[in-house]
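Letter by letter, the chains look like this.
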Amino acid sequence: QAPGWPGPTMVADQDVAAFVRFRNKLPKGTGSLEAAHLLPVDASMQAGKDWVLSNPAAFAKLGLRKLLISLGADDTGAYWSLNRGLGIDGWPYRSAVLASNLWWWSVWALVFASLIGQRSFWLTTDQGRLVTSFAAYFFVIHAVFESQPRYHLPAVGPLLVIAGI
């Protein structure tokens, strides 16, 4: 149930459903939108946009929280291959998650070091702006539409380029 709407809403488009889930505090991408009534896709998007415009502080706060969900961990590979795929749990799984997260946090440390140390390159050259805009695109989209660690995977390539310079 979305606050301010007459009841649960079913929508026909995944992106719209994700936009509706934006208002959930901890979306996992598996939220069920029960059919109490049906809004057309355009009306669903408009309702979401209206909420964003009428609640800008809540929108910003929730967007930041969703970015932290998306970018804060890199346990996707361990989860899908070891835990869910092979049923491995316990210390082997937790060790794989820890190794994945240490790698991910190291990448972020190198990204920030590069962005600060080479800021003139990233801000003034076409190549620098292209790579950073490609990475930023995923972050903006997933701050609004979806937030799960697995959704940052397309941005790993550009982040590694940034980290390597």
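Residues numbered from 1 in each chain as written. Predicted model: local features only at pLDDT ≥ 70, side-chain atom pairs only at ≥ 80, totals over all residues. Heavy atoms only, no water.

**A few points about helix α5 (residues 91-117)**
1) Next: Taking 1.5 Å of rise per residue, the 27 residues of α5 would be expected to cover 39 Å, and the 38 Å separating its terminal C-alpha atoms lies within 8% of that figure.
2) Next: Among the residues making up α5, those that are buried are Tyr93, Ala96, Val97, Ser100, Asn101, Trp104, Val107, Trp108, Val111 and Ser114. (Helix = DSSP H or I, 4+ residues; strand = E, 2+ residues; numbered from the N terminus. Expected span 1.5 Å × (residues − 1). Buried < 20%, exposed > 50% of the residue type's maximum accessible area, 1.4 Å probe, protein only.)

**Some points on the packing of α5 against helix α8 (residues 156-164)**
In a packed pair of helices, the relevant descriptors are the angle between the two axes and the axis-to-axis distance.
1) Next: For the pair α5 and α8, interaxial distance at closest approach is 8 Å and the crossing angle is 55°. With respect to their mutual orientation, α5 and α8 come out oblique. The way α5 lies across α8 gives a crossing that is left-handed. Residue-level inspection shows Trp103, Trp104, Val107, Trp108, Leu110, Val111, Ser114 and Leu115 of α5 in contact with α8, the latter providing Val156, Leu159, Leu160, Ile162 and Ala163.
2) Next: Classifying every residue of the contact of α5 with α8 gives twelve nonpolar, one polar and no charged. (Axes fitted to C-alpha atoms, helices over the stretch in contact; angles between N-to-C directions. Parallel < 35°, antiparallel > 145°, perpendicular 65-115°, else oblique. Left-handed = near helix turned anticlockwise from the far one by under 90°. Contact = heavy atoms within 4.5 Å. Nonpolar A, V, L, I, M, F, W, Y, C, P; charged D, E, K, R; others polar.)

**Comments concerning the nonpolar core**
Side chains of nonpolar character tend, in soluble globular proteins, to be buried together.
1) Next: If you look at the biggest cluster of nonpolar residues, it comprises 15 residues, and the most contacted ones within it are Trp104, Trp108, Val111, Phe139, Leu159 and Ile162.
2) Next: Counting residues per element, the ones that place at least two in this core are α5, α7 (126-144) and α8. (Core = buried A, V, L, I, M, F, W, Y, C linked by side-chain atoms within 4.5 Å.)

**Notes on a nonpolar patch on the surface**
1) Next: A contiguous nonpolar surface patch, about 310 Å² in accessible area, is contributed by Leu98, Leu102 and Trp105.
2) Next: With respect to the element layout, Leu102 can be found in helix α5. (Patch = residues over 30% accessible without salt bridge, like charges linked within 9 Å, V, L, I, M, F, W, Y side chains within 5 Å. Areas by Shrake-Rupley, 256 points an atom, 1.4 Å probe, with all protein chains shown as cover. Salt bridge = Lys/Arg side-chain N within 4 Å of Asp/Glu carboxyl O.)

**Remarks on the packing of helix α4 (residues 76-86) against α5**
1) Next: It is the contact of α4 with α5, at a shortest axis distance of 9 Å, that shows an interaxial angle of 165°. Taken together, the axes of α4 and α5 lie roughly antiparallel to each other. When the axes of α4 and α5 are compared, the crossing they make is right-handed. Of the residues in α5, those touching α4 at Ala78, Tyr79, Leu82 and Asn83 are Tyr93, Ala96, Val97 and Ser100.
2) Next: Across the contact of α4 with α5, the residue classes tally to six nonpolar, two polar and no charged.

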